[in-house]
Each structure stands twice: as C-alpha cells, then as structure tokens.
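Here is what each chain is made of, one letter per residue.
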Number of protein chains: 2
Amino acid sequence: MKGSKKILSAFVLSLAFILFGCSNSTTPNPSSTSQAAVAPADPLPSWNAGPAKQAILDFVKTTTDKNNPKFVPVEDRIASFDQDGTTWVEHPIYSQVLFAFDRVGEMAPQHPEWKTRMPFKALLTGDKEAIEKFTLKDIEVIAMATHTGMTAEAFTPLVTDWMAKAKHPKFDKPYPQMIYQPMLEVMKYLRDNGYRTYIVTGGGQDFVRAYAQQVYGIPPDQIIGSALDTQYAYNKEGQGILMRDPKLLLNNNGAGKAEDIHLFIGKHPKAAFGNTDGDRQMLEYTQASGGASLEMLVLHDDATREFAYGPAQGLPDTKVGTFPQALYDEAKAKGWTVISMKNDWKQIFAWDK
Amino acid sequence: MKGSKKILSAFVLSLAFILFGCSNSTTPNPSSTSQAAVAPADPLPSWNAGPAKQAILDFVKTTTDKNNPKFVPVEDRIASFDQDGTTWVEHPIYSQVLFAFDRVGEMAPQHPEWKTRMPFKALLTGDKEAIEKFTLKDIEVIAMATHTGMTAEAFTPLVTDWMAKAKHPKFDKPYPQMIYQPMLEVMKYLRDNGYRTYIVTGGGQDFVRAYAQQVYGIPPDQIIGSALDTQYAYNKEGQGILMRDPKLLLNNNGAGKAEDIHLFIGKHPKAAFGNTDGDRQMLEYTQASGGASLEMLVLHDDATREFAYGPAQGLPDTKVGTFPQALYDEAKAKGWTVISMKNDWKQIFAWDK
C-alpha cells in the first residue's frame, strides 16, 4: 500500500490561483483582438528545456493534430499517473503508512491490548529499532486495523484531517505541499488538450480520493488504487451503508495496474507516468495501445532538492520506490523517457522558488 | 422523488409546460429570434403523462435549479441504470446467456469432447428438455468456457458480431433493437441536464462495453458490470496483453451493485433505475445519498407489447427478472416510483410506432 491526502493552506491556494490565472491567459480567446502577436506562454514552466519536456510537447502536438496520422480522438485521450514518487514525495516512507502509524496512536485508548502486542507496541513505545524491522506483514496488520471497521464515508475525514496536520519529516510541510509542480503542470496541460488524467496508484483508492480533487483536480471516479472489499449493510435509520472490510479486493501494483486500468477504463492509456518497477506493466500496456504514446519514468537523482535513489544508474538502493537498472534499460530499449529530477525539473515544489 | 401517487391533471401539466417555457425563454439565445412563443419539445415523448413521467421531470427540474435547496452540483449528477429488463428485454432468457449458447456451437469443432459432455452435449444436440433443466452451475460452466481464454481485446468483436446477427425469439429482431425507447429518452434527458449515465448490470462488464457506446451512447468507463479476473501476459511481439481468466472478480448484483458503485465512482448516484430484487440495494444506496433522489423500478405488466412477470401484483413468477411483492411494497413505502410498462410507456421500441 502506498498513498495519501491534503488540505490546501492559504499559501498554496493563492499560488494555485496565480498559476491558474496565468495559464488561463494563454488560452486563445477570439474575443480579445490584441493577443495575436503574443507568443503562447510555456505550459510547462517548471521544466528545463531538454528531451523530457520536448517529449511531452511533441506528444500533445502529435495526438491533437487532426492532420497527423497519429491523431488520437478525444474519447481515447487517457493519461495515467502513478502517485508515490511520481506526483509527490515517497521518501523516506509512504505517507499512507505514516497515516496508519498516526492512527495507531489515536486509536490506542480503545485498544488497551495494543500496549503489549506487536507490531502496535513498537509504535506506541516509539521503539525505532523494532519499527525499522517491520515486515510487509506488520505493515498490513497495522493498515487493516487502522483502515477498516468504519463506513466508506467515515474514512474520508480521517484522511483529510491527517493531511491538514501531518508534516513531512525532511521538509516540515504538510503533504499537500509535497506535490511535484512539474507534474501538476503536465496534468493541466494534458487536460487542457482533452486528456482525462487518472491517478493509478498502489496506494489506497479511498485514501487518495479523499484529497485528489483538491490537490490534483482529479475526481473520485478517476482514481484507481488498491481497494478493500466493502460490505453492504444498514445503519440505525435503515439506510444502505458500506462498511470497509479487512480484505484486499484489488492490489493495484505491477501487473495489477494494467489489469485495473482495463477494469475501470476499458481502454489503454495513451500516456503513462511512473517511477518504479511497479509501474512497468502500466507503461508497457500504454505502449501496446499502438500509435502515438508517451511513457515516462521519474528518476530521483536529486539528493539536494529531494532524494536520490535507484538502484538504477548507481543511485542508492532503498526499500521505498525501487527503480532497478533493468527498468532503466527497458526504458532506453523501448523509447520511454527517463525524467532526471536534477536536470529536467527547474522547480520541484510550488513553494520552492 | 415522491410524486408517484400524485396524478397530474392536464391543467397542472400545461402549467408545467408554461413554467418550463418561461424559464427557458429567460436564457438569452441571440441566434433564434422567432421562437419565444413555441413550447419546448417534450424530452420524453414515448412516456404517457402520469406520475412516472412527472417524477422524472420534477427530479431534473429540482436538481438543476440553483435556487432550489435540493440543487445538485454537476459533479454529483450521477444516474445508474440496470440493463436487463430495465433498458432492454430480458425475457425469455438473458441475451448474454444466448450469446454463450451460440458460442458453444461455434467453438464445438475445437472441442470434440463436448459431444459427450454435459452441459455442452445438451446444447449441441438441441436437447430442449435438458436445457430447460440447466442449473446455475451449468450456465456458469458454459459462460466460463465461452467467455475466457482470449485477450480482452479479442472478446469485443465476438460480442459485436453476435449482436449484429442474433435475433430475439419473440420479436425476430437483433438485440440492439430490443432497447426500450423510453429509457433512451431518459438517458438523453439526464445527460442533456449534466448527468453522467452509468450502466450498472449483473451482466458481464466487457460484454456490455462492446456495444454500449453505440446503443446507449455510454462509454466503457461508465459501464459497471460483473467482471472476470484478467491476467497480464505478453504476446509474441513482447507486448503487454490481458488474458480473460475463468475466475469471477466482481459479482455485480444485489449488494454488489452498491459496493461496485462505490468502487468505480466513489459517490452515491442521485438517480437509479432497476426492475428486480437485484437492484434493491442500488436504489437504497441512491436514496441514502440524501437530498433529492430518484428511484424507479420497471414493472413488466404488458404481455401484449412485451412480457408480463412479477410475481409482484399477481403477475406470473418467472426465473428471469424476479420482481417480488416485497420489493413492490418497499418501493411504495420509500416513495420509489414503479413504472407500469403498460400504462406509462406510450411506445416501447423505436421501431414499434
């Protein structure tokens, strides 16, 4: 499970307004007569000139030009974005895991048995050594205990509240400010050109849905993620409700991403953005659509402004967000574009001017 | 909407038209100068005046009027339609079951073992007595044998080819002509008013997707149905493909409809249309959205123009499309609208003028 959500601070909100206003002025407006000679504003101002930026511009130009043999009709314009490490920071730990850890603290008074039971005990006593040794199974036990047993609707405010107050350990800012500005620009640029943008994440679907409209401008039905089973039941008023069950229905990672894209959308994406081996099949499936397509992978090679990890290209191997050399080689062989965070991104965060 | 028991007089109806016309005429339309006195065309011409038609008109008027406290913002305008028995004929047998039966005949040369193996033998020898005794398990065996073992993409033309040639046993017309004209009008009317229309069917998701754009104007990502697992694999060219596996992932019926609506859309519908007990939870979940909502059930009470079955209201009990009296009673108790095919539909099929 990867994933997370947000409440916009007045600062980010005002920034968003500024950006929105600027890009709006680039939209051709037939009623204004004095703009004919003005060069269109750069739709990707946070990107340095280079092959990555050019690949995006070329793809949009090609697929929206009716006279181009690789023109894509608007109903087939689908772009999919992995989240963790692709549209926001995933290091040193997935935000949704932190959310689960924080929930353990909040729920502890109702669970006195956790004081002596692992893995909860490690979190409640702050046993860093034990926490660092958590297995995937430990994380799963914590996730199920903290993400289930409530209605689908009751889960949403738990996420939004956390997103408003939790801060990233390195940047000391709320998670909504951990979004990559260059990716927000790509999403907007694609949408302005008729593409529907989807988040396709290994993180929890309902976790991401809780904030995606606000931070990405993406509605709930365009969030595809790992999903728990729900159980239909009735509340005291006799109304139909959905209880979140501790059973994984969709593991939306690796091959699961391609399978769930078919399940939810019924079409191949034409553009896909990822950053780990878990995005490989999504990119392959995008390229298998035939015709023009765009496949991009973010390489985290900027230890100064964000983090540096691989192990592709000799970068440090880490537990979170593995980008193996084999994926790098596949990208090169298949004509996918590797985005160098260090070289291709002029600015990483909206606040980091 | 709770107008089901109210019978509108011609007077009230004409008043409604006048009001509707007035509010329309307030919208500035610079290109049409001579239409001020023309009454707007009826958006539901195949519906007889009555509580069912009025419930639809009232619902749309209420939820799209910004000054109404029950106004629904456009992003929440979601309408869900069951398919079999709600938007097209389901008697005497579901079309997808017939498709599977026909596929057995086509596939038989590659399966000599079917000649002696039930349930296939019954179909290949035309043993009507044995076919009538098919259990649900028999149907499942046939469905899995005929719907799996190919890629998701190879399945689509199998369905479209069948839809073009198979004919309904009673009406002797291809299945795309078995669609109810009144429901096509409701779908269009809702879409014209900002609603997104979804098919939410117990039938196979990929089966319905194969023709839904053409017959309903509904794209693949707005088809929610029972779904098989797919398995990511590679073709000879090394491209990513999805194989259809003989394993049911989603059983989109009954409670499954409410659960899958959450999974796919992440919101409650504001309007829902069904015709059987399998649609009950979808209608309940729609009503649980709060504010204005519209819940409608088609009662097949027209043996002359279509079929008559219940067992609600003393109509014959049949295997296909059960509408029990308890569902009818729940509808009445909760203010849902029961559509009488006989009384509410002036015309049933587009060709049946």
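Above this text you will find the structure in question.
The text that follows walks through the structure, step by step, so that each part is easy to find. Residue positions within a chain follow its written sequence, with the count starting from 1. Here chains are named by letter from A upward and ligands by number from 1 upward, in the order in which they appear as written. Two thresholds apply to this predicted model, a pLDDT of at least 70 for residue-level local features and 80 or more for giving and counting side-chain atom pairs, whereas whole-chain, interface and lining totals are computed over all residues. The side-chain figures draw on all heavy atoms in the structure; neither hydrogens nor water molecules are used.

1. Description of the interface of chain B and chain A
Here is the rule we go by: The contact rule is simple, with two residues in contact once any of their heavy atoms fall within 4.5 Å. Here the quantity called buried area is the total loss of accessible area, with a 1.4 Å probe, experienced by two parts when brought into contact, counted for both. Each reported salt bridge corresponds to a side-chain nitrogen of Lys or Arg within 4 Å of a carboxyl oxygen of Asp or Glu. Within 3.5 Å is the distance limit for a polar contact, defined as a pair of N or O atoms, with the added protein rule that one can donate a hydrogen and the other accept it, and that residues adjacent in sequence qualify only through two side-chain atoms. Numbering goes from the N terminus for both helices and strands, where a helix is a DSSP run of H or I of at least four residues and a strand is a run of E of at least two. Nonpolar residues are Ala, Val, Leu, Ile, Met, Phe, Trp, Tyr, Cys and Pro. Charged residues are Asp, Glu, Lys and Arg, and all others, Gly as well, are polar.
Between chain B and chain A, the residue contacts involve 34 residues of the former and 34 residues of the latter. Regarding the contact of chain B and chain A, the summed buried area is about 2,900 Å², with carbon and sulfur atoms giving 54% of it. Counting the surface chain B buries against chain A, the share from its top three residues, Y232(B), H262(B) and L263(B), is 21%. Here chain B is connected to chain A by 2 salt bridges. For the pair chain B and chain A, the number of links is 20 residue pairs in polar contact (both at pLDDT 80 or more). Going through the elements one at a time, α7 (152-165), β2 (196-204), α9 (205-216), β3 (223-234), β4 (240-250), α10 (255-264) and α11 (280-287) of chain B are the ones with two or more residues in the side of chain B that touches chain A. When residues in the side of chain B that touches chain A are grouped by element, the largest group, 6 residues, is from α10(B). Considered class by class, the residues forming the side of chain B that touches chain A number 16 nonpolar, 9 polar and 9 charged.

2. A few points about the relation of the copies chain B and chain A
What counts is decided by this rule: In superposing the copies, a least-squares fit is computed on C-alpha atoms, taking residues whose pLDDT is at least 70 in both.
Of the transformation superimposing chain B on chain A, the axial component is 0.0 Å and the angular component is 180 degrees, with the fit at an RMSD of 0.1 Å. With respect to symmetry, the two chain copies, as superposed, fit the operation of a two-fold axis. Looking at the rotation axis and the C-alpha trace of chain B, the residue lying nearest is F264(B), at 3.4 Å. Looking at chain B, 100% of its interface residues are interface residues in chain A too, so the copies touch through the same face.

3. Digging into the environment of T276(A)
All names here are of chain A. Formally: Categorising residues by exposure relies on relative accessible area from a 1.4 Å probe, with only protein chains included: less than 20% of the type maximum marks a residue as buried, more than 50% marks it as exposed, and the intermediate range marks it as partly exposed.
Mapped onto the elements of the fold, T276 is located in the loop between β5 (271-274) and α11 (280-287). The exposure class of T276 is buried, given its relative accessible area of 5%. Sequence separation between T276 and G85 is 191 residues, and the spatial gap between their C-alpha atoms is 8.1 Å. At 3.0 Å, the side chain of T276 and the backbone nitrogen of G278 are in polar contact.

4. Brief notes about the sheet that holds strand β6 (residues 294-299) of chain B
This is how the line gets drawn: One bridge is not enough; two strands pair if DSSP finds at least two bridges between them. Axis lines are fitted through C-alpha atoms, for helices just across the contact stretch, and the angle between N-to-C directions can take any value from 0 to 180 degrees.
The strand order across the open sheet built from 7 strands is β4-β3-β2-β1-β5-β6-β7 (chain B), with neighbouring strands paired in mixed fashion. The sheet is open, and its two borders are formed by β4 and β7 (337-340) of chain B, each paired with just one other strand. The sheet shows a mean angle of 35 degrees between the axes of neighbouring strands, taken without regard to direction. Note: strand β5 (residues 271-274) of chain B against β6(B), 4 bridges, orientation parallel. Note on β6(B): the bridge partner recorded for A272(B) is E295(B). Those strands touched by α11(A) are β3 and β4 of chain B, and its axis lies near 100 degrees from that of β3(B).

5. Re the sheet that holds strand β6 (residues 294-299) of chain A
Residues and elements named next belong to chain A. If you walk across this open sheet you meet the 7 strands as β4-β3-β2-β1-β5-β6-β7, and the pairing is mixed. Only two strands of the sheet have a single neighbouring strand rather than two, namely β4 (240-250) and β7 (337-340). If you compare each strand with its neighbour and ignore which way they point, the axes differ by 35 degrees on average. Bridging between strand β3 (residues 223-234) and β4 involves 7 bridges; their strand directions are antiparallel. Its bridge partner being in β4, T230 is matched across the sheet by R244. In this fold helix α8 (residues 181-192) packs onto β1 (78-81), β2 (196-204), β5, β6 and β7, with an angle of close to 165 degrees to the strand it touches most, β1. Sheet contacts for helix α10 (residues 255-264): β1, β2, β3 and β4; angle to β2, the most-contacted strand, approximately 130 degrees.

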